[in-house]
Amino acid sequence: MEREGDRLFEGAGVMKGHIVAGADGSAPATAAVEWAAVDAQRRGRPLRVVHVCEPRVHDANVCEPRVHEESTASCADILEAAVSRARELTRDVEVSGDLLGGDVVRALLAESHMADSVVLGSHGRGGFAGMLLGSVGLAVAGHATGPVVIVRTPTPLWYDRVVVGYDGSEHAEVALDYAVEQARARGAQLHVVYAWQLPLFSAYAAPYAVPYGGLIEDLMAEQVNRVAERIAGRRERDPDLVITDEQVCAHPITALVEAGRTADLVVMGSRGLGGLASAVLGSVSHGVLHHVTCPVAIVRPHAEEPPES
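These numbers were taken from a predicted model, which means no experiment stands behind them.

A. The overall build of the chain, seen in detail. Scanning the chain for helices and strands turns up 9 helices and 12 strands. Within the span of the chain, comprising 309 residues, buried residues form 51% of the whole. Across the chain, every contact between residues at least 6 apart in sequence was considered, and the portion connecting residues at least 24 apart equals 79%.

Right, here's the structure in full:
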């Protein structure tokens, strides 16, 4: 095993366009590795399983080299088990495993630059702890380049349906592209959800807002029609795919959670317009990640520079 900087290399080298799965030995992380393995098989992508071996607090009674050796050995065992599980679920898929050193968020963000997507468990132990609600998961989903898929538990049922939140923004278009790829690879139906809300006026502003009510409704109707036209265009572009859609007057969290009850995957842009704005770092993403039990993919354009941490 060779060490170079903060990275421990094991197995194959970095492969562009591969799927990255984070492993830490926990049940959610194992579910993420399994999901990534099936996705790699389904979409014909190489799979790279990584484990971030973070420095441990040294015991004053034990010499530092011994503590580091034991820590590395434990990390290697976790990685080996995850790679073995991935290989059990795949055939003719290039599966590699790497031990990474240093800060877990920085390591995963660096992985995302060369990856097709990054797949993580909803929570775990060690560096992946608190993945849904903690800073690690939000940092990776909010700052990674490309799609980040969060897997909560193994999926007991399959609905043959992929749901995508769509609002016509650039990020929503990229999310829709990813959702189309996922639906086509699965032979599944694609369901597009556009949720919109009329602005709420305070009691003080309401008397002055009345004259504008009709104008606001017209603007919202125009946006709904624009979204419907774009989805119709996507149907023409992808005639081999069954695409259904709904435009609902509801909070986007409510709409996506409801649609996600019978979905194998929910896909969202990292941010967008209107109801889906600030989809990663704002209340929408928190609500969806809290309440949607199926895997959730947060998609950011690969060409976009990630925001500053």
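B. How the structure looks around the confidence of the model for the chain. Mean pLDDT over the chain works out to 80, with 71% of the residues at or above the 70 mark. Segment residues 1-15: pLDDT under 50, and 41 contacts once partners within four positions in sequence are set aside and those in other chains are kept. In this model, residues 129-134 is a region of pLDDT below 50 whose contacts with residues beyond four sequence positions or in other chains number 19 contacts.

C. Up close: the pairing of strand S9 (residues 189-196). Most of S9 is tucked away: 7 of the 8 residues are buried. With 5 bridges joining them, strand S8 (residues 161-165) and S9 adopt parallel strand pairing. Among the inter-strand pairings, Val162 is bridged to a residue of S9, identified as Leu190. Between the parallel pair S8 and S9, the chain is carried across by helix H5 (residues 170-186), and the sense of this crossover is right-handed.

D. Spatial organisation of the side chain of Asp39. Relative to the helices and strands, Asp39 is located in helix H1 (residues 27-43). A residue is classified by how much of its surface remains accessible, and Asp39, at 0% relative accessible area, is buried. Filtering out sequence-adjacent residues up to four positions away, Asp39 remains in contact with Ile19, Tyr178 and Gln182.

E. Highlighting helix H8 (residues 252-260). When you tally the buried positions in H8, you get 7 out of 9 residues, the bulk of the element. If you check which residues of H8 are buried, you get Pro252, Ile253, Ala255, Leu256, Val257, Ala259 and Gly260.

F. Broad picture of the pattern of salt bridges. Scanning all chains against the criterion turns up 17 salt bridges. We note a salt bridge from Arg43 to Asp39, for which the minimum N-O separation is 3.0 Å. Residue Arg43 and its partner Asp39 are both found in helix H1; the two are separated by 4 residues, about one turn of the helix. Asp245 is the salt-bridge partner of Arg235, the closest N and O atoms lying 2.3 Å from each other. With Arg235 in helix H7 (residues 213-237) and Asp245 in strand S10 (residues 243-249), this pair connects stretches of sequence that are 10 residues apart. Since its relative accessible area comes to 27%, Asp245 is described here as partly exposed. Within this structure, Asp39, Arg42, Arg43, Arg45, Asp116 and Glu181 form a network of salt bridges that share partners.

G. View of the state of the cysteines. Applying the stated rule across the entire model yields 1 disulfide. In this model, Cys53 is linked to Cys75 through a disulfide, with the two sulfur atoms separated by 2.2 Å. In this structure the cystine formed by Cys53 and Cys75 twists about its S-S bond by roughly 85°; its chirality is therefore right-handed. Placement of the pair is Cys53 in strand S4 (residues 47-53) and Cys75 in helix H2 (residues 64-88), with a sequence separation of 22 residues. Cys75 carries the same exposure label as Cys53, and that label is buried.

H. Examining the nonpolar core more closely. In this structure, Leu47, Val49, Leu190 and Val267 are the most contacted members of the largest nonpolar core, which totals 49 residues. Ignoring anything within four residues of it in the chain, the contact list for Leu190 reads Val162, Val164, Leu176, Ala179, Val180, Ala183, Leu241, Val242, Ile243 and Thr244. Core analysis: the next-biggest nonpolar cluster, separate from the first, contains 35 residues, Leu100, Leu109, Val163 and Val266 among them.

I. Geometry of the pairing of strand S11 (residues 265-269). Within S11, 5 of the 5 residues are buried, which leaves it mostly tucked inside the rest of the structure. Of the two faces of S11, the one holding Leu265, Val267 and Gly269 and the one holding Val266 and Met268 are both buried throughout. Sheet analysis places S8 next to S11, joined by 3 bridges and oriented parallel. When the sheet's bridge partners are listed, Val163 is paired in S11 with Val266. Inspection of the sheet shows S11 paired to strand S12 (residues 296-299) by 4 bridges, in the parallel sense.

Cut-off values and rules
Residues numbered from 1 in each chain as written. Predicted model: local features only at pLDDT ≥ 70, side-chain atom pairs only at ≥ 80, totals over all residues. Heavy atoms only, no water. Helix = DSSP H or I, 4+ residues; strand = E, 2+ residues; numbered from the N terminus. Buried < 20%, exposed > 50% of the residue type's maximum accessible area, 1.4 Å probe, protein only. Contact = heavy atoms within 4.5 Å. pLDDT = per-residue confidence, 0-100. Pairing = 2+ DSSP bridges. Right-handed = clockwise from strand over helix to strand, strands pointing away. Salt bridge = Lys/Arg side-chain N within 4 Å of Asp/Glu carboxyl O. Disulfide = S-S within 2.5 Å. Core = buried A, V, L, I, M, F, W, Y, C linked by side-chain atoms within 4.5 Å.

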